[in-house]
Amino acid sequence: VKEACTSPHANHVLQKCVEILPPADLQFVLDEMRGSMVHASRHRYGCRVVERLIEHCPAWQTQDLVEEVLQVSAQLCRHTFGNFVIQHVLEHGTPAQRSAIVDMLHSDIQRLARHRVASHVVRAALVHCAHDDRQRLVAAMRTDAAELADLAHHHCGSFVVREMRREMRR
């Protein structure tokens, strides 16, 4: 499974298996991925398999694997491929998993909102997280008017500010 996960062709077969098979029949995939989630999340093809597992398996089945990812979420949210895995956790994860990511984002929101890759994760958090978590992020970005203005004029930050405005209208 680990080898197929990083293969340019076999990863598609593995993704299709995850999409079609019942979650109970995928336990062997989850078992073999244990301990390799961070590596797979950083891989061009492996991240896609991880995303499918998060999408199609119930939270109780992926809990341990997602915990591996959450332990390095600060690095993965800045990674070219890892950020997609973090965005999938925000979209399909449990409220506790989403909240853990928000805690990490909140700790360095100004820099992450300006980061070329991490800004996509911030935007996903503003879309998929609970209202209270979204409000925490918005409040953190609004603490300094000058920083907010700078963020709005930043190449990547402007998209975060646009999403923040949508959140404020809800």
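Check the entry above for the structure.
What comes next is a walk through the structure. (Residues numbered from 1 in each chain as written. Predicted model: local features only at pLDDT ≥ 70, side-chain atom pairs only at ≥ 80, totals over all residues. Heavy atoms only, no water.)

**A closer look at the overall build of the protein**
1) Next: Within the protein, the secondary structure is distributed over 14 helices and zero strands.
2) Next: Helices and strands appear in the protein in the N-to-C order α-α-α-α-α-α-α-α-α-α-α-α-α-α.
3) Next: Its C-alpha atoms give the protein a radius of gyration of 17 Å, within 12% of the compact-globule value 15 Å for 170 residues.
4) Next: Taking the principal axes of its C-alpha atoms as reference, the protein extends roughly 50 × 30 × 25 Å.
5) Next: Across the 170 residues of the protein, 47% fall into the buried class.
6) Next: A separation threshold of at least 6 residues defines the contact pool for the protein, and within that pool the share at least 24 residues apart is 69%.
7) Next: As displayed, the protein has an accessible area near 8,400 Å², and 53% of this comes from carbon and sulfur atoms. (Helix = DSSP H or I, 4+ residues; strand = E, 2+ residues; numbered from the N terminus. Rg over C-alpha atoms; globule rule 2.2 N^0.38 Å. Buried < 20%, exposed > 50% of the residue type's maximum accessible area, 1.4 Å probe, protein only. Contact = heavy atoms within 4.5 Å. Areas by Shrake-Rupley, 256 points an atom, 1.4 Å probe, with all protein chains shown as cover.)

**Re the packing of helix α2 (residues 10-20) against helix α5 (residues 46-56)**
1) Next: The N-to-C vectors of α2 and α5 enclose an angle of 0°; their axes lie 9 Å apart at closest approach. Comparing their axes, α5 and α2 come out roughly parallel. On α5, the residues that touch Asn-11, His-12, Leu-14, Gln-15, Val-18 and Glu-19 of α2 are Arg-48, Val-49, Arg-52, Leu-53 and His-56.
2) Next: Looking at the contact of α2 with α5 residue by residue, the class counts come to four nonpolar, four polar and three charged. (Axes fitted to C-alpha atoms, helices over the stretch in contact; angles between N-to-C directions. Parallel < 35°, antiparallel > 145°, perpendicular 65-115°, else oblique. Nonpolar A, V, L, I, M, F, W, Y, C, P; charged D, E, K, R; others polar.)

**Some points on the nonpolar core**
1) Next: Judged by nonpolar contacts, the single largest core of 50 residues is most densely connected at Met-33, Leu-53, Ile-101, Leu-105, Leu-126, Leu-137 and Met-141.
2) Next: Looking at this core, the element that brings in the most residues is helix α11 (residues 118-128), giving six residues.
3) Next: Ignoring sequence-local partners within four residues, the contact set of Leu-137 consists of Val-102, Leu-105, His-106, Ile-109, Ala-125 and Leu-126. (Core = buried A, V, L, I, M, F, W, Y, C linked by side-chain atoms within 4.5 Å.)

**Considerations on helix α8 (residues 82-92)**
1) Next: Burial analysis of α8 places eight of its eleven residues in the buried class, which makes it a mostly covered element.
2) Next: Within α8, the full set of buried residues consists of Gly-82, Asn-83, Val-85, Ile-86, Gln-87, His-88, Val-89 and Leu-90.

**Description of the environment of Leu-105**
1) Next: Relative to the helices and strands, Leu-105 is located in helix α9 (residues 95-107).
2) Next: Classification of Leu-105 by relative accessible area gives buried; the value is 0%.
3) Next: Along the primary structure Leu-105 and Ala-118 are separated by 13 residues, whereas in three dimensions their C-alpha atoms are 9.1 Å apart.
4) Next: Ignoring any residue separated from it by four or fewer positions in sequence, one finds Leu-105 in contact with Leu-112, Val-121, Val-122, Ala-125 and Leu-137.

**Focus: the pattern of salt bridges**
1) Next: Within the structure shown, the criterion is met by 13 salt bridges.
2) Next: Salt-bridge contacts for Lys-16 lead to Glu-19; the nearest nitrogen and oxygen are separated by 3.4 Å. Taken together, the positions of Lys-16 and Glu-19, both in helix α2 and three residues apart, correspond to about one turn of that helix.
3) Next: Take Glu-19: its relative accessible area is 35%, and that puts it in the partly exposed class. (Salt bridge = Lys/Arg side-chain N within 4 Å of Asp/Glu carboxyl O.)

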